[in-house]
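# Architecture and fold: a report
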Amino acid sequence: MKFFIDTADLSEIQEGLKLGIIDGVTTNPSLMAKLGIKGEKAINDHYAKIAEMVPGPVSAEVLSMSYEKMISEGQNLSSIASNIVVKIPMCLEGIKAIHFFKQKGVKTNCTLIFSAAQAIMAAKAGATMISPFVGRIDDSSWDGIQLIEQIAHIFSQYTWDTEILAASIRNPLHIVKCAEVGADIATCPLSAIQGLVNHPLTTIGIDKFLEDTKKFME
Ligand code: G3P
C-alpha cells in the first residue's frame, strides 16, 4: 500500500519524506486555506514547490463546480508539473471533467466519495484514483473501512485501473485497516504516519535496554 501525506504544509512534507515511506501528496482547499497564501500565482507556485519536493503524485484540487471551469482549472494545474494529479469532486460536472481528462491522458483523483455507487461511477469515467473519506464516514457513525472493503471487492471483479486512495485517515489503526482490506493508497496526516511507530511495550523495552546498558557501559 502506498502512503501519501495529506497536507499542503512544506515542512510537514519535508519531515514525512525523511521517513522514506512517502509516495505522494494530497491537498484540498481546506489544507490550502491554512497556508494563508492568496492568488492563483502564489497557489500555483506552492503546488510547483510540492511537486518538486515529491517524486510521486501530488493532488491539486479544482475550485470551480462547472464543467468548463473544471477543465480550464485542471489544465492549468496539470501544466504546473508532470506529477500533478487534478483532484475533482464527485458530482456530475466532475464526472464529465474526469472523462475529458481521461481522454487527454491527464491523471485525476475523484474526491469526496462516500459510497460504492460514487466509486463505480468515478472508475467508469476513468478516474486515476478515487478518494473515499474514511474518517468522515466514521465521524457520522458509519464504518469507513467497510466502504473501502466494499469498493475493493467490487473493483476486484473488473479490469478498471482506478486506484483506491483511502482518505480522511484519522489514526494509525485506520492505516492498518486500509491495508487489511486492500486500499491501494492511504493519504494520511503526518501524525498518523508517525504514530505507526508507537507501542507501549516497545517504549518499555527501549527504556529497559537503556537502563541495562548503563550497567556495563562507562
Ligand atoms: O484531503 C482529503 C481528505 O483526506 C481530507 O479529509 O476529513 O481530514 O478533512 P479530512
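Residues numbered from 1 in each chain as written. Predicted model: local features only at pLDDT ≥ 70, side-chain atom pairs only at ≥ 80, totals over all residues. Heavy atoms only, no water.

## Let's talk about the pairing of strand β8 (residues 185-188)
Burial of β8 is two-sided: the residues I185 and T187 facing one way and the residues A186 and C188 facing the other way are all buried. Where strand β1 (residues 2-6) and β8 come together, 4 bridges link them in parallel fashion. Its bridge partner being in β8, F4 is matched across the sheet by T187. Pairing between strand β7 (residues 163-166) and β8: 2 bridges, direction parallel. The partner of L165 across the bridge, within β8, is I185. On the question of chirality, the crossover connecting β7 to the parallel β8 by way of helix α9 (residues 172-181) is right-handed. (Buried < 20%, exposed > 50% of the residue type's maximum accessible area, 1.4 Å probe, protein only. Helix = DSSP H or I, 4+ residues; strand = E, 2+ residues; numbered from the N terminus. Pairing = 2+ DSSP bridges. Right-handed = clockwise from strand over helix to strand, strands pointing away.)

## Here we look at the sheet that holds strand β6 (residues 129-132)
Spatially, the 8 strands close up into a barrel ordered β1-β2-β3-β4-β5-β6-β7-β8, and their pairing is parallel. Along the sheet, successive strands turn relative to each other by an average axial angle of 30°, direction set aside. Across the face of the sheet, helix α4 (residues 67-78) comes into contact with β3 (58-61) and β4 (84-89) while running at roughly 155° to β4. (Axes fitted to C-alpha atoms, helices over the stretch in contact; angles between N-to-C directions. Contact = heavy atoms within 4.5 Å.)

## Things to note about the environment of L147
Mapped onto the secondary structure, L147 falls in helix α8 (residues 144-156). Using a relative accessible area of 7% as the deciding quantity, one classes L147 as buried. For the pair L147 and K96, spaced 51 residues apart in sequence, the C-alpha separation works out to 24 Å. Residues in contact with L147, not counting those within four places in the same chain, are I113, F114, S115, A116, P132 and I137.

## So, the packing of α4 against helix α5 (residues 92-104)
Between α4 and α5, the least distance of the axes is 9 Å, while the angle of their chain directions is 45°. One finds that α4 runs oblique with respect to α5. In this structure, α4 crosses over α5, and the sense of that crossing is right-handed. Here Y67, M70, I71, G74 and Q75 of α4 come into contact with α5, specifically with E93, G94, K96, A97, F100 and F101. When its residues are assigned to classes, the contact of α4 with α5 shows 6 nonpolar, 3 polar and 2 charged. (Parallel < 35°, antiparallel > 145°, perpendicular 65-115°, else oblique. Left-handed = near helix turned anticlockwise from the far one by under 90°. Nonpolar A, V, L, I, M, F, W, Y, C, P; charged D, E, K, R; others polar.)

## Quick look at the side chain of T108
Topologically, T108 is positioned in strand β5 (residues 108-113). The exposure class of T108 is buried, given its relative accessible area of 0%. Excluding its chain neighbours within four sequence positions, the residues that come into contact with T108 are V85, V86, I88, I98, F101, G126, A127, T128 and M129.

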